[in-house]
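Structure at a glance
Here are the chains, one letter per residue:
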Amino acid sequence: MRKFFIIGHRGACYYEPENTLRSFKKALQLKANCIECDVRLTKDNKVIVIHDKTLDRTTNGTGLVENFTLKELKRIDAGKKEKIPTLQGYINLIKNKAIMCIELKKCKNIVKETLKIINKNKIYDKVILLSFYVSYLRKIKKLNPKIKTGFLTFRLILAIKRAKFCKAELIGIYHKFISKEFIDNCHKNNLKVFAYVGVKENPNENYLKKLINLGLDGIALNRPTL
Ligand code: G3P
Ligand code: CA
């Protein structure tokens, strides 16, 4: 039987504050076998787990993440009194329990600093680095071809060509654009495919079943249960 990935999107962000250890623990409890997070850099070049460029939407802080040191950010509440996690904190929690899908957001030096942490932890076979940015994915493969990568995209056009150019192993695509033809094409090109939903979208079981039966290899959900 093929291995199917139930990916906890930002943990289990339907239930808990997104991208917090509390959210990741909930996703593990729900039996997600892969946990997604988003990473950015602090002012002092520490890799932390947060989705947006600014603190405003997900924390009680305000302003650009890159303007604060880790020490300053640790004083902020990311929801239900959770701290903004470091990438190392996320790895410590998940590394023996699920595959780690780490999405690199647009941020100077994010590739270099993330790879330092992956190398230090020697978790090459447990991690997939995701990004919407072709240049980041190409750089990752150049620096360490052992690390698996996934090309993220909103659109079908040129998706396979771009993923191949990055030497990515998989494509993550917005669920509404998935078709059987696209999945078959990815598989012919030796690419796995997962679908992701928007942070406010929680499709029903019937819809998800239909989607999965098209031949997907995984799905990133805010409620990672099936
Ligand atoms: O896994 C892909 C997905 O997380 C990309 O979108 O905005 O939720 O980071 P976003
Ligand atoms: Ca993400």
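For the structure, check the block above.
Figured I'd write up the structure that's included with this text.

About the criteria used
- Residues numbered from 1 in each chain as written.
- Chains lettered and ligands numbered in written order.
- Predicted model: local features only at pLDDT ≥ 70, side-chain atom pairs only at ≥ 80, totals over all residues.
- Heavy atoms only, no water.
- Buried < 20%, exposed > 50% of the residue type's maximum accessible area, 1.4 Å probe, protein only.
- Helix = DSSP H or I, 4+ residues; strand = E, 2+ residues; numbered from the N terminus.
- Arc of directions from axis to C-beta.
- Contact = heavy atoms within 4.5 Å.
- Patch = residues over 30% accessible without salt bridge, like charges linked within 9 Å, V, L, I, M, F, W, Y side chains within 5 Å.
- Areas by Shrake-Rupley, 256 points an atom, 1.4 Å probe, with all protein chains shown as cover.
- Salt bridge = Lys/Arg side-chain N within 4 Å of Asp/Glu carboxyl O.
- Donors = N, O, S within 2.8 Å, 3.2 Å for Na, K, Ca; no water.
- Lys, Arg positive; Asp, Glu negative; His and termini not counted.
- Polar contact = N/O pair within 3.5 Å; in protein donor to acceptor, adjacent residues only side chain to side chain.
- Near = heavy atom within 4 Å.
- Nonpolar A, V, L, I, M, F, W, Y, C, P; charged D, E, K, R; others polar.

Section: helix α7 (residues 180-188)
Residue pairs three or four apart in sequence face the same way in an α-helix, which turns once every 3.6 residues. F182, I183 and C186 are the residues of α7 that are buried. The buried residues of α7 all sit within an arc of 100° when viewed along its axis, so they share a single face. The exposed set on the far side of α7, more than 90 degrees from its buried face, consists of E181 and K188. Residues of α7 that are buried make contact with α6 (159-165), β7 (170-174) and β8 (192-196).

Description of a nonpolar patch on the surface
On the surface, F154, L156 and F177 cluster together into a nonpolar patch covering about 280 Å² of accessible area. On the secondary structure map, L156 appears in the loop between β6 (148-153) and α6.

Considering the coordination of the calcium ion (ligand 2)
Think of it this way: four donors in a tetrahedron around the metal ideally sit 109.5 degrees apart, and six in an octahedron ideally sit 90 or 180 degrees apart. Around the calcium ion (ligand 2), the protein contributes the donor atoms E36 (OE), D38 (OD) and E103 (OE), which lie 2.1 to 2.2 Å from the metal centre. For the calcium ion (ligand 2), all donor residues lie on one chain, and their spacing in sequence is E-x1-D-x64-E. Residue D38 is classed as buried on the basis of its relative accessible area of 0%.

As for the environment of I123
Relative to the elements of secondary structure, I123 occurs in the loop between α4 (110-121) and β5 (127-131). The buried category is assigned to I123, whose relative accessible area is 2%. Residues I123 and I147, spaced 24 residues apart in sequence, show a C-alpha to C-alpha distance of 8.9 Å. Those residues in contact with I123 that sit more than four places away from it in its chain are I91, K95, M100 and I118.

A word on the side chain of E36
Looking at the secondary structure, you find E36 in strand β2 (residues 34-41). Buried and unpaired, E36 has no salt bridge, with R10 as the nearest side chain of opposite charge at 5.1 Å. From its side chain, E36 meets the backbone nitrogen of R10 in a polar contact 3.0 Å long. In contact with E36, not counting residues within four places along its chain, are I7, G8, H9, R10, G11, N19, F24, Y90, C101, E103 and L130.

Details of the environment of N144
Along the chain, the position of N144 falls in the loop between α5 (134-143) and β6. A residue is classified by how much of its surface remains accessible, and N144, at 9% relative accessible area, is buried. Put simply, N144 and Y124 are 20 residues apart on the chain and 9.3 Å apart in space, counted from C-alpha to C-alpha. In contact with N144, other than residues within four places in its own chain, are N119 and Y124.

Section: the site of ligand 1
What surrounds ligand 1 is the set H9, R10, E36, D38, H51, E103, K105, F132, L152, F194 and Y196. Residue H51 places a side-chain N or O atom 2.9 Å away from an oxygen atom belonging to ligand 1. At a separation of 2.9 Å, an oxygen atom of ligand 1 approaches a polar side-chain atom of K105. Starting from 290 Å² of accessible surface for ligand 1 in isolation, the protein chains cover 89%. Going through the elements one at a time, β2 and β8 are the ones with two or more residues in the shell around ligand 1. Looking at side-chain class alone, the shell around ligand 1 contains four nonpolar, two polar and five charged residues.

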